[in-house]
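A closer look at the structure
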Amino acid sequence: MKHKIGILGFGTVGQGLAEILLSKKEELKSKYGYEFDIVAVGDFKFGNVYNANGLDIPSMLKEASVGKKFSKDITDWDNINLIKNSDTSVWCELTFTDLVNGGPAVDHVKTALKAGKHIVTSNKGPAALCYPEMKKIADENNCKFMIEGTVVAGTPVINLADGPLAGCKITKIRGILNGTTNYMLTEMEKGMPYDEVLKVAQSKGYAEADPTGDVEGYDARGKVTILANIVMGAGIKITDVPCEGITKITPKDIEKAKSQNKRWKLIGSVELTENGVDASVKPEMIDISHPLAGVSGATNALTFTTDLLGDVTIVGPGAGKIETGFSILTDLIKIHRG
Ligand code: HSE
């Protein structure tokens, strides 16, 4: 069966996914029996396009790279009609994240699932704000709502808990869930001032479009909420999670940590307790000998505490064009494998 892929949002991640799919087309077919056409793309900047036989993705990537609107296969369907009317089997929802009300992504996800089309997304909005509702609609329509990319990009976290760690009881998850702030803290330790280092993080593409989400901890809080609800069935709202970012950390605080052989890290934590699930995001001074203290730059790391294996730690990229593009590919393959 040939998968008919639609992509909503042809920004960094959408283009990263398209590049991966193009470059791995033969490998995906020979190794996994995965065959596909990208038949629909919707993007507010480049336009909406549809071709049931497959779009000319190389040309589209070329046009997007110079900020030009798509010139072929243009349709006047808006996003919702593109989802409904196109002959697609799966939609990759890669539009911008809105952690306040979910933005248009929530409508995109609902529309696709109700039309019997799978969703694969790295958009934290629908997953952090309304996972139970989306999952219910997916189940009712025999579809998948796949969200590996919502937590630390392609580094396997959701699929790790759901797959290889199935059978273990996960009692705690703790780690560095935001690359921008980890990069900033690493550079601030070397003496770079806060404002300067934030600009560099933005120029490197780690930071969200509005970096407030990173530095105030909201991005990490979205990920903590997703983990709490999906891995531990917490049933909590994003606003239930206490959250403090790194904006109040001064050069003096950094020196204080150094003098105690410690290092500041923005830690996201989810823990099963007798009363339910405790979740939080806050900066902590971590002893230099602790494994999380050694995770520097934009890298993310998470330790799962389990009943049968003890601690299992995964370290990897938490952002980036290809890294997040891969998160979508891995879920597409998972759907294909059933
Ligand atoms: N801005 C995020 C980060 C990207 O820095 O980790 C992935 O959510």
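The paragraphs below set out a description of the structure included in this document. Residue positions are counted from 1 within each chain, in the order its sequence is given. This being a predicted model, a pLDDT of at least 70 is required before a residue's local features are given, and a value of 80 or more before pairs of side-chain atoms are given or counted; all residues contribute to the totals for chains, interfaces and linings. Think of the side-chain values as coming from all heavy atoms in the structure, minus any hydrogens and water.

1. With respect to the overall build of the protein chain
- Secondary structure elements follow DSSP: runs of H or I no shorter than four residues count as helices, runs of E no shorter than two count as strands, and numbering proceeds from the N terminus. If you tally the helices and strands in the protein chain, you get 13 helices and eleven strands.
- Expected size for 338 residues packed as a compact globule is a radius of gyration near 20 Å; at 20 Å, the protein chain falls within 12% of this value.
- For the protein chain, the residues scored as buried account for 53% of the 338 residues in total.
- Total accessible area computed for the protein chain in this model is approximately 15,100 Å², and 50% of it derives from carbon and sulfur atoms. This radius of gyration counts C-alpha atoms alone. The globule rule is 2.2 Å times how many residues there are, raised to the power 0.38. The classification of residues rests on relative accessible area computed with a 1.4 Å probe and restricted to protein chains. Under 20% of the type maximum is buried, over 50% is exposed, and intermediate values are partly exposed. For accessible areas, the Shrake-Rupley method is used with a probe of radius 1.4 Å. Any residue's cover is judged against the shown protein chains and nothing else.

2. Brief notes about the site of the ligand
- When at least one non-hydrogen atom of a residue lies within 4 Å of a molecule or strand, that residue is treated as near it. The local shell around the ligand consists of Lys124, Asn178, Gly179, Thr180, Tyr206, Ala207, Glu208, Asp214, Asp219, Lys223, Gly318 and Ala319.
- Contacts described as polar in this section are N or O atom pairs within 3.5 Å, which, within protein, must combine one atom able to donate a hydrogen with one able to accept it, while residues neighboring in sequence count only if both atoms come from side chains. The separation between an oxygen atom of the ligand and a polar main-chain atom of Gly179 is 2.8 Å.
- Contacts to the ligand include Asp214, whose side-chain N or O atom sits 2.7 Å from a nitrogen atom.
- Relative to its unbound accessible area of 260 Å², the ligand is 91% covered by the protein chains.
- Elements supplying a minimum of two residues to the shell around the ligand: α8 (179–189) and α11 (218–231).

3. Notes on the sheet that holds strand β8 (residues 262–273)
- What makes two strands pair is DSSP finding at least two bridges between them. Read across the sheet, five strands follow the order β9-β8-β7-β10-β11 without closing on themselves; strand pairing throughout is antiparallel. Lying at the two open borders of the sheet, with one neighbouring strand each, are β9 (276–287) and β11 (310–317). Each strand axis lies, on average, 20 degrees off the axis of its neighbour in the sheet, ignoring direction.
- The contact definition used throughout considers only heavy atoms, calling two residues in contact when any of these lie within 4.5 Å. What counts as an axis is a line fitted to C-alpha atoms, over the stretch in contact for a helix, and the angles between N-to-C directions run from 0 to 180 degrees. Running over the sheet, α11 touches β7 (170–176), β8, β9 and β10 (299–306) and is turned about 135 degrees from β9.

4. Considering the pairing of strand β1 (residues 2–8)
- Burial analysis of β1 places six of its seven residues in the buried class, which makes it a mostly covered element.
- The pairing of β1 with strand β4 (residues 90–93) spans four bridges and is parallel. Residue pairing in the sheet places Ile7 in a bridge with Cys92 of β4.

5. Thoughts on the sheet that holds strand β5 (residues 118–121)
- Pairing is mixed in the open sheet, where six strands are placed in the order β3-β2-β1-β4-β5-β6. Every interior strand has two partners, whereas the edge strands, β3 (47–50) and β6 (145–146), have only one.
- Here helix α13 (residues 321–337) sits on the sheet in contact with β1, β4, β5 and β6, set at roughly 155 degrees to β5.

Shape descriptors only; they carry no functional weight alone.
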